[in-house]
Amino acid sequence: MGAVGLLYVGAVLFLNGMMLLNKVDPKAAGIFNLFVGALQVIVPTLLIVTNLARPLEILGASGIYLFGFTYLYVGINLLGNFDSTGVGYFSLFVAVMALGYSFANFRLLGDPAFGVIWLYWSYLWLLFFVLLGLKKEKITKYTGWVTAIEGWVTAAIPAFLILTGYWRNPQVLAVILAVFGVVVFGGLWPLTRGREPSAAAPAPSDEELGVSDRRHRPRWT
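Residues numbered from 1 in each chain as written. Predicted model: local features only at pLDDT ≥ 70, side-chain atom pairs only at ≥ 80, totals over all residues. Heavy atoms only, no water.

Trainee: Where do I start with the overall build of the protein in this structure?
Mentor: When helices and strands are counted, the protein shows nine helices and zero strands. Secondary structure of the protein in N-to-C order comes out as α-α-α-α-α-α-α-α-α. Buried positions account for 41% of the 221 residues belonging to the protein. Sequence separation of 24 or more characterises 70% of the internal contacts of the protein that already satisfy a separation of 6 or more. For the protein, the exposed surface amounts to about 12,600 Å²; the carbon and sulfur share of it is 68%. (Helix = DSSP H or I, 4+ residues; strand = E, 2+ residues; numbered from the N terminus. Buried < 20%, exposed > 50% of the residue type's maximum accessible area, 1.4 Å probe, protein only. Contact = heavy atoms within 4.5 Å. Areas by Shrake-Rupley, 256 points an atom, 1.4 Å probe, with all protein chains shown as cover.)

Encoded structure:
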């Protein structure tokens, strides 16, 4: 059940990444965020209810709510055109908690691959905090690419491998994921980081141009 929800986390992350890259309309993305957010609230609830005597299963399921509430919050914000500060600071909470879930996967759940994946998610939600909470729009393009890539690398592909029985050798996968994340996200930073727009020079006045008729004023771009 968890892998099914994870598959659609990949879809919504990819869609949100494309939205940040101005490829998808925000309201269209908002609708899909609501779909996946609802799924990511229903799934962990079912997992917890059916595993009340298994605390480690409950621990693993509890982290899914972080995503469900994020996508519901994002969907409502996009459709209502609300200020994003709340989503940004909730993302900071998620980024911190993701470190705890990473530790739990390494030490308690015995899954180092998902330990690394939770580090991916912590980094991504930290970017959401900087972009949406602190309004640092210079990282919009970088965040869009990281979001879209993580949709595949941390969610869609792992979920499909789990569902088909090919998610094996978590130690090896952890190393591959760690190297991939450092190389790709480190390499993206100088390629996508925004620059402060230069201040536009004021257009010269008619008197400065020696033009009395505005129809003869040159166009400035």
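Trainee: Sorry if this is basic, but what is going on with the side chain of Asn33 here?
Mentor: Checked against the element boundaries, Asn33 lands in helix α2 (residues 26-49). With relative accessibility at 0%, the residue Asn33 sits in the buried group. A distance of 2.8 Å separates a polar atom in the side chain of Asn33 from the backbone oxygen of Ala29. Leaving out residues up to four positions away in the same chain, Asn33 has contacts with Val12, Asn16, Tyr71, Leu72, Val74, Gly75 and Leu78. (Polar contact = N/O pair within 3.5 Å; in protein donor to acceptor, adjacent residues only side chain to side chain.)

Trainee: Where do I start with the pattern of salt bridges in this structure?
Mentor: Charged atoms that come close allow side chains of opposite charge to pair. With the rule as written, the count across this model stands at two salt bridges. Among the ionic pairs, Lys135 bridges to Asp83, the shortest N-O distance being 3.2 Å. With a gap of 52 residues between them, Lys135 in the loop between α6 (112-133) and α7 (140-164) and Asp83 in the loop between α4 (64-80) and α5 (85-107) connect regions that are remote in the sequence. Among the residues examined, Lys135 registers a relative accessible area of 37% and is labelled partly exposed. (Salt bridge = Lys/Arg side-chain N within 4 Å of Asp/Glu carboxyl O.)

Trainee: Can you walk me through α4 in this structure?
Mentor: Two residues of an α-helix separated by three or four positions point the same way, owing to the 3.6 residues in each turn. Spanning 17 residues, α4 covers 24 Å between terminal C-alpha atoms, matching the ideal 24 Å at 1.5 Å per step. Taken together, the buried residues of α4 touch α1 (2-20), α2, α3 (55-62), α5 and α6. Just beyond α4, the residue with positive phi is Asn81, at close to 55 degrees. (Expected span 1.5 Å × (residues − 1).)

Trainee: So what exactly am I meant to see when it comes to unusual backbone geometry here?
Mentor: The backbone of Lys135 shows a phi angle near 60 degrees, a positive value even though the residue is not glycine. With phi around 50 degrees, Asn169 is a residue other than glycine that occupies positive phi space. If you trace the backbone, Asn169 turns up in the loop between α7 and α8 (170-192). Accessibility expressed as a relative area gives 52% for Asn169, which makes it exposed.

Trainee: Looking at this structure, I do not really get the environment of Ile149. What am I missing?
Mentor: Mapped onto the elements of the fold, Ile149 is located in helix α7. Classification of Ile149 as buried rests on a relative accessible area of 18%. In this structure the C-alpha to C-alpha distance between Ile149 and Gly181, which are 32 residues apart in sequence, comes to 9.8 Å. Setting aside residues no more than four positions away along its own chain, Ile149 makes contact with Phe180, Val184, Phe185 and Leu188.

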